[in-house]
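Reading the structure
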Amino acid sequence: MKTDTILITGALGQIGSELAEKLKTIYGKNNVIISDIRDPKDVNYDGIYEVIDVLDVERIKEVIHKHNVKTVYHLAALLSGTAEKNPMFGWKLNMDTLLTFLELAKDKIIDKIFWPSSIGVFGPDTPKDNTPQNPIQTPSTVYGISKLSGEYWCKWYQQNHNVDVRSVRFPGLISWKTPAGGGTTDYAVDIYYKAIENKKYTCFLKENTYLPMLYMDDAIDAILKLMGTDNNELNEFKSYNLGGLSFSPKELSIEIKKHIPEFEISYETDFRQAIADSWPSSIDDTEAKTDWGFEPKNSIEKMTEIMLTNLKIKLNK
């Protein structure tokens, strides 16, 4: 009998590239299939890579059958800033593809799904400080609308078809291994690159815009903990809140200046400011901590030191 395997869609993105490496250490590289739309010649990966357009249902089924895939981490999505520029494609990519995998699980072709939601599901009517697990949700972006709809589809498939699908609402994610990918919180990645390369950064958000953030190691750890928890221990059937850190561009620039004293930041807001203003400034993640032991380990000080140290090596600075 073949060994059950894992498929990661959108695996060359910010989360997928790091999640794949972690899963390989746990399950072995031949049991973790990564996929994306990039040509294999342009992909440097020690393992099995499959080209998949996630809108191509037949191609998805082909890869699942070929590798006996039983668990899917469905990460392919159009992020907040990018989706606002191309709303119909953002809706189609974010919504249709989730439904594809939910249907495959309903039909017992796969057993388990991880699908990331986002703080984008909240909106201007949601309490901004220490946002609770189930507040009023009035998203004002294409990305947020698609993620909130996805949460309710996940809940519906769980309740009506016993589908095992698990989800977290990610805040902004910060990593030195992959560059920013078009999200509103991505300033907190790009700023480190610019600090090292140019000693200055022009931020598209106001200096005192607080947003929840999470260092990537803590995000990966959260995914693995959630997926490894017995289903009977889980009490939230849409998507778990995840917090971690909360800071402003000004506060982050102060931390960077401790390491690069000549660093300067300026501010020129764009359409992403309105998106940020509709999101929480901090998150209450009590349910995630209680149900499956979510416990972020990185502070803004520790994260900044790690980011700058590794990016200097990566950028040969």
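Structure's up top.
Each value, and the rule that gives it
- Residues numbered from 1 in each chain as written.
- Predicted model: local features only at pLDDT ≥ 70, side-chain atom pairs only at ≥ 80, totals over all residues.
- Heavy atoms only, no water.
- Salt bridge = Lys/Arg side-chain N within 4 Å of Asp/Glu carboxyl O.
- Helix = DSSP H or I, 4+ residues; strand = E, 2+ residues; numbered from the N terminus.
- Buried < 20%, exposed > 50% of the residue type's maximum accessible area, 1.4 Å probe, protein only.
- Axes fitted to C-alpha atoms, helices over the stretch in contact; angles between N-to-C directions.
- Parallel < 35°, antiparallel > 145°, perpendicular 65-115°, else oblique.
- Left-handed = near helix turned anticlockwise from the far one by under 90°.
- Contact = heavy atoms within 4.5 Å.
- Nonpolar A, V, L, I, M, F, W, Y, C, P; charged D, E, K, R; others polar.

1. Some points on the pattern of salt bridges
Applying the stated criterion across every chain, the model contains 20 salt bridges. The partner of lysine 24 in a salt bridge is glutamate 21, and the shortest N-O contact between them spans 3.4 Å. Here the residue lysine 24 and the residue glutamate 21 both occupy positions in helix 1 (residues 14–27), the gap between them amounting to three residues, near one helical turn. The partner of aspartate 39 in a salt bridge is lysine 41, with the nearest N and O atoms 3.0 Å apart. Overall, the relative accessible area of 34% leaves aspartate 39 in the partly exposed class. One network of salt bridges, in which partners are shared, links Glu50, Arg59, Glu62 and Lys66.

2. As for the packing of helix 2 (residues 57–67) against helix 4 (residues 87–106)
Contact geometry for helix 2 and helix 4: axes closest at 11 Å, N-to-C directions at 45°. Accordingly, the angle class assigned to the pair helix 2 and helix 4 is oblique. Classified by chirality, the crossing of helix 4 by helix 2 is right-handed. Contacts between helix 2 and helix 4 involve Val57, Ile60, Lys61 and Ile64 from the former and Thr100, Phe101 and Leu104 from the latter. The residue inventory of the contact of helix 2 with helix 4, partitioned by class, reads five nonpolar, one polar and one charged.

3. Observations concerning helix 6 (residues 187–197)
The element helix 6 is largely enclosed, with a buried count of eight among its 11 residues. Those residues of helix 6 that sit buried are Tyr187, Ala188, Val189, Ile191, Tyr192, Tyr193, Ala195 and Ile196. Once helix 6 finishes, lysine 199 follows within two positions and takes phi at roughly 65°, a positive value.

Just geometry here; none of it tells us what the structure is for.
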